[in-house]
Amino acid sequence: ARLRYQGDGMNYIQDMRKLIGHETLFTVGCGIIIENDECILLQHRTDEDNWCIPGGVMEIGETFEQTAKRETYEETGLDVGELKLFGMYSGESCFVQYPNSDQVYSVQIIFTTTTYSGELKQQGIESKEHRFFKKKDLPENINPRQEKFIRDWAENKTMPVIS
C-alpha cells in the first residue's frame, strides 16, 4: 500500500509533528532575494532576533515559485514579479533545533527579483522590521541558515550557486 498525506496541506508541519514528535523533519524552504539599487531586503525576525530574506516552508502541492511568492507576500506585503533562480542550498548549515526541541533539516531554493509592488509591511507576526542593506553594510546578526546565500549575493557569486 502506498502512503499518502491526507491533510489539507496548510498544517503539514503540525500534522507531521503529531506523528514524529521532535525528531528531524525534512522540509523545503523557498526564499527571495529582493534587490533594489544593489541593495537586499532583509527582515528582522522576532523569533530568533536575526536578519534574513523573506521566505518559508513549502506546503503540499505548491511549486517552488508559489511558495516563495506566498511567503514573501505574507511576511512583507509585497507582490513580487519575475523570479530568477539564485541557487539551491543544502548541508549541515540547513539543520536547526528550535528551543522547543523540534529539529528540522531544510533544503533551500533561493530566487532573486528586482520587480515588486505593494506597500512594505514593517511589522508582523514573524518580523519586526524590514530594511534594505548595501552589500558592504550587511547586519552582523544574519540568520545562520541563510548566511551562505546572503553572503554569496553580497560577493556577486556566479549563479546559480549549488551548495
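Residues numbered from 1 in each chain as written. Predicted model: local features only at pLDDT ≥ 70, side-chain atom pairs only at ≥ 80, totals over all residues. Heavy atoms only, no water.

**Q** Sorry if this is basic, but what is going on with the packing of aromatic side chains here?
**A** The relation between two aromatic rings is expressed through the spacing of the ring centres and the mutual angle of the planes. If you walk through the whole model with that rule in mind, you get 4 aromatic pairs. Taking 5.8 Å as the distance between ring centres and 25 degrees as the angle between the ring planes, the aromatic pair formed by Phe26 and Tyr105 counts as stacked. A residue pair is termed long-range when its members are at least 10 positions apart, and Phe26 in strand E1 (residues 24–36) and Tyr105 in strand E8 (residues 103–113) qualify at 79 residues. A centroid spacing of 5.1 Å and a plane angle of 55 degrees characterise the contact between Tyr89 and Phe149, whose relative ring orientation is tilted. Residue Tyr89 is found in strand E6 (residues 84–89), and its partner Phe149 is found in helix H3 (residues 147–154); the two are separated by 60 residues along the sequence. No difference in accessibility class separates Tyr89 from Phe149, as the two residues are buried. (Phe/Tyr/Trp six-rings, centres within 6.5 Å; stacked < 30°, edge-to-face > 60°. Helix = DSSP H or I, 4+ residues; strand = E, 2+ residues; numbered from the N terminus. Buried < 20%, exposed > 50% of the residue type's maximum accessible area, 1.4 Å probe, protein only.)

**Q** I keep staring at the nonpolar core and nothing clicks. Help me out?
**A** Proteins that are soluble and globular tend to have nonpolar side chains buried together. By size, the foremost hydrophobic cluster in this structure holds 15 residues, and its most contacted members are Ile40, Leu42, Ile53 and Leu138. Sorting the residues of this core by element identifies strand E2 (39–45), E6 and H3 as the ones contributing at least two each. The element best represented in this core is H3, accounting for 4 residues. Discounting residues that sit within four places of it in the chain, Ile53 has contacts with Gly31, Ile32, Ile33, Ile40, Leu41, Leu42, Gln43, Ile110, Gln146, Phe149 and Ile150. The next biggest cluster of nonpolar side chains, apart from the first, holds 11 residues, and it includes Cys30, Ile34, Met58 and Val80. (Core = buried A, V, L, I, M, F, W, Y, C linked by side-chain atoms within 4.5 Å. Contact = heavy atoms within 4.5 Å.)

**Q** I would appreciate a short explanation of the confidence of the model for the protein chain in the present structure.
**A** Note that predicted coordinates carrying low pLDDT should not be read in detail. When pLDDT is averaged along the protein chain, the result is 88; 90% of the residues meet or exceed 70. Ranking the elements of the protein chain by mean pLDDT puts strand E11 (residues 161–162) last, at 52, and strand E5 (residues 79–80) first, at 97. (pLDDT = per-residue confidence, 0-100.)

**Q** Looking at this structure, I do not really get the pattern of salt bridges. What am I missing?
**A** Side-chain pairs of opposite charge can arise where the charged atoms are in close proximity. Taken as a whole, this structure holds 13 salt bridges when the rule is applied. Of the charged contacts, one joins Glu129 and Arg131 as a salt bridge, the two residues approaching to 2.9 Å between their closest N and O atoms. The exposure class of Glu129 is partly exposed, given its relative accessible area of 26%. Each of the salt bridges in this network shares a partner with another, and the network as a whole consists of Glu62, Arg70, Glu71 and Glu74. (Salt bridge = Lys/Arg side-chain N within 4 Å of Asp/Glu carboxyl O.)

**Q** Please explain the layout of surface pockets as it appears in this structure.
**A** A water-sized probe rolled over the atoms picks out the places where empty space is left. A volume near 1,100 Å³ is recorded for the largest pocket. In terms of lining residues, the largest pocket is bounded by 43 residues, among which Arg45, Gly56, Val57, Tyr98 and Glu126 are the most central. Residue assignment for the lining of the largest pocket shows that the elements contributing at least two residues are helix H1 (12–20), E1, E2, strand E4 (55–57), helix H2 (64–76) and E8. No other element matches E1, which puts 5 residues into the lining of the largest pocket. For the lining of the largest pocket, the residue count by class is 15 nonpolar, 15 polar and 13 charged. (1 Å grid on protein atoms, 1.4 Å probe; cavity = no way out; pocket = protein on both sides within 12 Å on 5 of 7 lines; lining within 4 Å. Points joined across faces, edges and corners; volume = space filled by probe spheres on them. Nonpolar A, V, L, I, M, F, W, Y, C, P; charged D, E, K, R; others polar.)

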